[in-house]
Amino acid sequence: MTHVVTALVDTGCQQTVCSESGEWPRGPRQVATMLNGEKTECGGEAPVELQVDGISVRKHCLVAPMLVCGADVILGMNIAKHLGGVCAGSTV
């Protein structure tokens, strides 16, 4: 099943974080610091498959009850590295 999600890229985040929706496997709880500086308790990890620009990536992500800016996923460096890095650009 495919779901379109809103994602933020956080180059300071080592592991990808997914918002808690649906039923996820529960694991040891961890505290993560979000990009706005707030700490949130994550309810373990869950396997996910994400597709970015046609490239599929299967990784485990932390599961948090809520993410900043209404994002569904915060893409951390574990996925950014797998995709070959990230780049930001602008047009003038």
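Residues numbered from 1 in each chain as written. Predicted model: local features only at pLDDT ≥ 70, side-chain atom pairs only at ≥ 80, totals over all residues. Heavy atoms only, no water.

**Re the nonpolar core**
Now for step 1: In terms of nonpolar packing, the biggest core is built from ten residues, these being C13, V17, A32, M34, C42, L62, A64, L67, V68 and I74.
Now for step 2: Of all hydrophobic cores here, the second largest spans eight residues; its members include C18, C61, L75 and I79. (Core = buried A, V, L, I, M, F, W, Y, C linked by side-chain atoms within 4.5 Å. Buried < 20%, exposed > 50% of the residue type's maximum accessible area, 1.4 Å probe, protein only.)

**Describing the layout of surface pockets**
Now for step 1: Looking at the largest pocket, its volume works out to about 900 Å³.
Now for step 2: Forming the walls of the largest pocket are 27 residues, and the residues nearest its centre are H3, V5, E49, L50 and Q51.
Now for step 3: For the lining of the largest pocket, the secondary structure elements donating two or more residues are β1 (7-9), β2 (17-19), β5 (45-52), β6 (55-64), β7 (73-75) and α1 (77-82).
Now for step 4: Counting residues per element, the lining of the largest pocket draws most heavily on β5, at five residues. (1 Å grid on protein atoms, 1.4 Å probe; cavity = no way out; pocket = protein on both sides within 12 Å on 5 of 7 lines; lining within 4 Å. Points joined across faces, edges and corners; volume = space filled by probe spheres on them. Helix = DSSP H or I, 4+ residues; strand = E, 2+ residues; numbered from the N terminus.)

**So, the environment of T2**
Now for step 1: Relative to the elements of secondary structure, T2 occurs in the segment before β1.
Now for step 2: With 47 residues separating them along the chain, T2 and E49 place their C-alpha atoms 9.6 Å apart.

**Quick notes on the pattern of salt bridges**
Now for step 1: For the coordinates displayed, the defined rule picks out one salt bridge.
Now for step 2: The salt bridge partner of E49 is R58, with a shortest N-O separation of 3.2 Å. (Salt bridge = Lys/Arg side-chain N within 4 Å of Asp/Glu carboxyl O.)

**As for unusual backbone geometry**
Now for step 1: Even without being glycine, D53 reaches a positive phi, approximately 50°.
Now for step 2: Topologically, D53 is positioned in the loop between β5 and β6.
Now for step 3: Within the chain, C69 stands out as a residue other than glycine whose phi angle is a positive 60°.
Now for step 4: Position of C69 relative to the elements: it lies in the loop between β6 and β7.

**Remarks on the pairing of strand β4 (residues 39-42)**
Now for step 1: Only one face of β4 is buried, namely the one carrying T40 and C42, since none of K39 and E41 on the opposite face is buried.
Now for step 2: Two strands pair when backbone bridges link them, and strand β3 (residues 30-33) and β4 are joined in this way by four bridges, in the antiparallel orientation. Across the sheet, V31 pairs through a bridge with E41, a residue of β4.
Now for step 3: Turn length for the β3-β4 hairpin, with the two strands adjacent in sequence and antiparallel, is five residues, and the turn residue G37 shows positive phi of about 90°. (Pairing = 2+ DSSP bridges.)

**A word on the sheet that holds β7**
Now for step 1: Taken in spatial order, the five strands of this open sheet run β1-β7-β2-β6-β5, and their pairing is mixed. Whereas interior strands pair on both sides, the edge strands pair on one side only; in this sheet they are β1 and β5. Averaged over all pairs of adjacent strands, the angle between strand axes in this sheet comes to 35°, irrespective of strand direction.
Now for step 2: Inspection of the sheet shows β2 paired to β6 by three bridges, in the parallel sense. Among the inter-strand pairings, C18 is bridged to a residue of β6, identified as V63. (Axes fitted to C-alpha atoms, helices over the stretch in contact; angles between N-to-C directions.)

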